[in-house]
Amino acid sequence: MKILIIGSGGREHAITWALRHTSVSDVEVYCAPGNGGIAQEARLVAISADDSAELISFVQTENIDLTFVGPEAPLSAGIVDAFESKGLPIVGPTAAAARLEGSKVFAKDFMARHGIPTALYRSADSASQALEFVRSGEFGSPDHPVVIKADGLAAGKGVVVASNRSEAETAIGNLMIDKVAGSNAADRVVIEEALSGVEASVLLFSDGRDYVLMPPARDHKRIGEGDVGPNTGGMGSITDSSILDHETMREVVSRVIEPTLAGAREEGFPFRGVLFLGLMLTATGPKLLEYNVRFGDPETQAILIRLKTDLLSIFQAIRNQNLAGLRVEWSQGASACVVAANRGYPGAYEKGALIRGLDQVTGVEVFHAGTSRSTDGSFIATGGRVLGITATAEDLKSALARCYDALDRIEWEGMQYRRDIGRRALTGSVN
Ligand code: AMP
Ligand code: GLY
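Cut-off values and rules
Sequence order as written defines the numbering, with residues in each chain counted from 1. Whichever chain is written first becomes A and whichever ligand is written first becomes 1, with later ones labelled in order. With pLDDT at 70 or above as the cut-off, local features in this predicted model cover only qualifying residues; side-chain atom pairs require 80 or more to be listed or tallied, and sums for whole chains, interfaces and linings still use all residues. Side-chain metrics rest on all non-hydrogen atoms present in the structure, leaving aside hydrogens and water. Helix and strand assignments follow DSSP, with helices taken as H or I runs no shorter than four residues and strands as E runs no shorter than two, numbered in order from the N terminus. Burial classes follow relative accessibility: with a 1.4 Å probe on protein chains only, a residue under 20% of its type's maximum area counts as buried, one over 50% as exposed, and anything between as partly exposed. By definition in these notes, contact holds between two residues if any of their heavy atoms fall within 4.5 Å. We get accessible surface area from the Shrake-Rupley algorithm with a probe of 1.4 Å; when it comes to residues, only the shown protein chains can shield them. By convention in these notes, a residue is near a molecule or strand provided one of its non-hydrogen atoms lies within 4 Å of it. Two N or O atoms form a polar contact when they lie within 3.5 Å of each other; inside protein one atom must be a possible hydrogen donor and the other a possible acceptor, and for residues adjacent in sequence the pair counts only when both atoms belong to side chains. Boundaries of every domain are those given by an automatic assignment or by a domain database. Strands were regarded as paired on the criterion that DSSP finds at least two bridges between them.

## Re the overall build of the protein chain
When helices and strands are counted, the protein chain shows 13 helices and 24 strands. Principal-axis analysis of the C-alpha atoms gives the protein chain an extent of 60 × 45 × 45 Å. Going through the 431 residues of the protein chain one by one, you find that 57% of them count as buried. For the protein chain, long-range pairs separated by at least 24 residues make up 68% of all intrachain contacts whose partners lie at least 6 apart in sequence. Only carbon and sulfur atoms are counted for the fraction: they give 46% of the accessible area of the protein chain, which is about 17,500 Å².

## Notes on the site of ligand 2
The immediate surroundings of ligand 2 are formed by Asp-219, Gly-233, Asn-292, Arg-294, Gly-296, Asp-297 and Glu-299. The side chain of Asn-292 places a nitrogen or oxygen atom 3.4 Å from an oxygen atom of ligand 2. Note that a nitrogen atom of ligand 2 is positioned 2.8 Å from one of the side-chain N or O atoms of Glu-299. Burial of ligand 2 by the protein amounts to 87% of the accessible area it has alone, namely 200 Å².

## Quick look at the domain arrangement of the protein chain
Domain assignment breaks the protein chain into domain 1 (2-94), domain 2 (126-187), domain 3 (198-325) and domain 4 (334-427). One C-alpha centre belongs to domain 1, the other to domain 2; they are set 35 Å apart.

## Points about the sheet that holds strand S22 (residues 379-381)
Sheet strands line up and pair through hydrogen bonds in the backbone, either parallel or antiparallel. Ordered in space as S19-S22-S21, the three strands form an open sheet in which the pairing is antiparallel. Taken across any chain shown, the strands that pair with only one partner, and hence form the sheet edges, are strand S19 (353-354) and strand S21 (371-373). Sheet topology note: the S21/S22 ladder contains three bridges and is antiparallel. Bridging from a neighbouring strand, Arg-373 pairs with Phe-379 of S22.

## A closer look at the sheet that holds strand S5 (residues 90-91)
With parallel pairing, the five strands of this open sheet are ordered in space as S3-S2-S1-S4-S5. Both outer strands of the open sheet, strand S3 (43-44) and S5, are each paired with one neighbouring strand and no more.

## Points about unusual backbone geometry
Pro-298 follows Asp-297 through a cis peptide bond whose omega is 25°. Summarising the element assignment, Pro-298 is placed in the loop between strand S17 (285-292) and helix H10 (299-304). Pro-346 follows Tyr-345 through a cis peptide bond whose omega is 10°. Within the element layout of this structure, Pro-346 appears in the loop between strand S18 (334-342) and S19. Residue Asn-63 is not a glycine yet carries a positive backbone phi of 55°. By the element assignment, Asn-63 lies in the loop between helix H2 (52-62) and strand S4 (66-69). By relative accessible area, Asn-63 is classed as exposed at 56%. At Lys-179, a position not held by glycine, the phi torsion is positive, near 55°.

Structure representation (structure tokens):
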């Protein structure tokens, strides 16, 4: 069975690893374009994740049996529709379904149409209209926080949680006039009530009708310990039973997941693939901040390390629309992923240093996010996020200890990581 994974980060390394480690059949994994670490598990294919014409031609020439897409950009651009129009098997949402992530305005209007609990919002298609909404007082007094979100995909640069009205006005200027999130991403913005609470990520596999939940996870988005500094793609993640209690999970299922899947079917785009819900657990119950139409990074690393069922059988069940008949099992306990990044990330970062100590680590999986391999087999830190040190254990404390023990043995010039991943969950200040 030949499988192609599209993407090049820690998420795709974890998917590749899980396919090889859970598979009961003989799988030959290819990854386009992949990275140095993924090359240990898969054959790298030098085609960009966004070049669907080249990917299609590769899949046809190599007789690839199944393709899975990691990142959001190709999904929004319609790679699934392009493959399906040629009769090529692929797992992921169509462009119509990917609007749940690709347009914040579409996602918020969809939530409103289906009564899904979320922050109050308005959408604006000009800076003057956005300023008018912010100044109207409907999102609170001038010293009250308010959230501004670029409508389109913005690689994590499109959301500003402004602490007051004047910061919100600056954010509107930056996004809509100076276009800091990209040329078209903020042609429209969503202005949103700022919610307070603790965040949780719930991911699920869906075949359009039935779904299978993954263990709830939590990302750590800020670069600095204690959740300070700029947002990143994610500096660490955990899965642990403390993230969502059973009652809250039931509420998420009945008020968010089931209406979402039913709503997508009713509106003509049954959701097939991996759906990610970014939730805020507020004093008045869980509220949906956002949808992602794919695996999260680095949530995936912490989630898939606990998967016991053959990942390929899950992908096939999504395609064959028989997820209901599949029993998906996860290891007991908890897991953690601690991301090690290059100095300077998430801004301009240094790169090119030799990574030492990888052969000294045990008890963890090292998922590579941004490395290349030199001819002598050593690894070079080439990305912003470089490695995701990931472990599972009977409890969160032990999983974290494994990650940090491994990190003590790894080094490169310019390496940085947070030493407080999972700490709030451990000290009980969460929930
Ligand atoms: P999003 O891409 O919509 O998940 O936003 C990125 C991050 O911004 C989230 O993970 C939250 O930390 C924060 N955020 C988004 N919307 C809100 C909101 N309404 N209230 C408070 N924080 C928010
Ligand atoms: N970790 C959040 C994301 O993948 O968007």
